[in-house]
Amino acid sequence: DDFANATKSSGENNAVIKAKGAHRLLFIDDQNPNIANLTVSMNQIDLVGCAAENPAAVCDTNGGLIFNRENLIITFGRLSYGVASVNGGAIYNEGVVNTSGTNATSAGQLALSNVYIFKNKAVQGGAIFSVQPRYEIANSVFAENEATDKSTGTIIYVERAGEVNSQGVGNKSGNITNSTIFGNKGRVLNLLDGMVVNSSTIIKNSAGVYLNSANGV
């Protein structure tokens, strides 16, 4: 795992990709929903968005730093100063799994481990907006992110619940473990079917967790 492969300096001397001007940094999508997802892996990297130099700047509409529709893995990284005018201050994770059609592999999947996500902003999903709960987040920190929708603004926002089979068993495809969500502005997350938060610290945010699990799975 990441800890087994880590050294004492992991994450201390990261490569930096920084926006110059108002634009998103990465668009990760092969634009072919009928083939298996590509896997894009980034280790020890810092992504710094357009708001670092101009706090009033907007980097993009959806995904201030990253628009993803593939399998994206980030370890020992920092994601900061991304601003989206609509959804996903740092990351917009696109796509819906359709298990009965030809587009069964077209939805983005996130895997974040030892990632510090801070000072990102969007109307919805101040840090992350995911169309479905398709993410594994571990040993990570969310701090000082902001969702500007005054009524339902959420730091980690999922638009649609995960799938539930005929026996009422949900696919637990959105997991946050051993992580800290601290000092953010907005609801922490909207907890839908298929989302799990375990062994994590949630403290000193402007609002709490919105429980919206229709089936309780």
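Our structure is the block above this text.
Cut-offs applied
Residues numbered from 1 in each chain as written. Predicted model: local features only at pLDDT ≥ 70, side-chain atom pairs only at ≥ 80, totals over all residues. Heavy atoms only, no water. Helix = DSSP H or I, 4+ residues; strand = E, 2+ residues; numbered from the N terminus. Contact = heavy atoms within 4.5 Å. Areas by Shrake-Rupley, 256 points an atom, 1.4 Å probe, with all protein chains shown as cover. Buried < 20%, exposed > 50% of the residue type's maximum accessible area, 1.4 Å probe, protein only. Core = buried A, V, L, I, M, F, W, Y, C linked by side-chain atoms within 4.5 Å. Disulfide = S-S within 2.5 Å. Salt bridge = Lys/Arg side-chain N within 4 Å of Asp/Glu carboxyl O. Phe/Tyr/Trp six-rings, centres within 6.5 Å; stacked < 30°, edge-to-face > 60°. Pairing = 2+ DSSP bridges.

## Thoughts on the overall build of the protein
- When helices and strands are tallied, the protein shows one helix and 22 strands.
- Restricting the contact set of the protein to residue pairs at least 6 apart, pairs at least 24 apart contribute 73%.
- With an accessible surface of roughly 9,900 Å², the protein has 49% of that area assigned to carbon and sulfur atoms.

## Section: the side chain of Ser80
- In this structure, Ser80 sits in strand S7 (residues 71-80).
- Accessibility expressed as a relative area gives 4% for Ser80, which makes it buried.
- For Ser80, the residues in contact, after removing those within four places along its chain, are Leu47, Val48, Gly49, Leu65, Phe118, Lys119 and Asn120.

## Re the nonpolar core
- Ranked by size, the top nonpolar core spans 37 residues in total, and within it Leu79, Ile117 and Ile128 carry the most contacts.
- Looking at this core, the elements with two or more residues in it are strand S4 (45-48), S7, strand S10 (109-118), strand S13 (135-138), strand S16 (154-158) and strand S19 (187-191).
- In terms of residue count, the dominant contributor to this core is S10 (four residues).
- Look past the residues within four positions of Leu79 in its chain and what remains in contact with it is Leu47, Leu65, Ile74, Ala90, Ile91, Val115, Tyr116, Ile117, Phe118 and Asn120.

## Quick look at the state of the cysteines
- Here the structure, examined in full by the defined rule, presents one disulfide.
- Put simply, Cys50 and Cys59 are joined by a disulfide, and their sulfur atoms are 2.1 Å apart. A torsion of -100° about the S-S bond marks the disulfide between Cys50 and Cys59 as left-handed. Neither residue differs from the other here; Cys50 and Cys59 are each classed as buried.

## Comments concerning the pattern of salt bridges
- Throughout the structure, instances matching the rule amount to five salt bridges.
- Of the charged contacts, one joins Arg24 and Asp60 as a salt bridge, the two residues approaching to 3.3 Å between their closest N and O atoms. Placement of Arg24 in the loop between strand S1 (15-18) and strand S2 (26-28) and of Asp60 in strand S5 (residues 60-62) is noted, with a sequence separation of 36 residues between them.
- We classify Arg24 as buried; its relative accessible area is 18%.
- Residue Lys119 pairs with Glu144 through a salt bridge whose shortest N-O separation is 2.8 Å. Of this pair, Lys119 sits in the loop between S10 and strand S11 (121-122) while Glu144 sits in the loop between strand S14 (141-143) and strand S15 (146-147); the two residues are 25 residues apart in sequence, bridging distant segments of the chain.
- Accessibility expressed as a relative area gives 32% for Lys119, which makes it partly exposed.

## Notes on the packing of aromatic side chains
- With the rule as written, the count across this model stands at six aromatic pairs.
- For the pair Phe27 and Phe67, a centre-to-centre distance of 5.0 Å together with 20° between the ring planes defines the contact as stacked. Taken together, the positions of Phe27 in strand S2 and Phe67 in strand S6 (residues 66-68) put the pair 40 residues apart, joining distant regions of the chain.
- A relative accessible area of 45% means that Phe27 is categorised as partly exposed.
- Ring geometry for Tyr81 versus Phe118: centroids 6.3 Å apart, planes at 75°, classification edge-to-face.

## Points about the pairing of S16
- With four of its five residues buried, S16 lies for the most part within the structure.
- In the sheet, strand S12 (residues 128-130) pairs with S16 via three bridges, with the strands oriented parallel. Considered in S16, the bridge of Ser130 is made with Val158.

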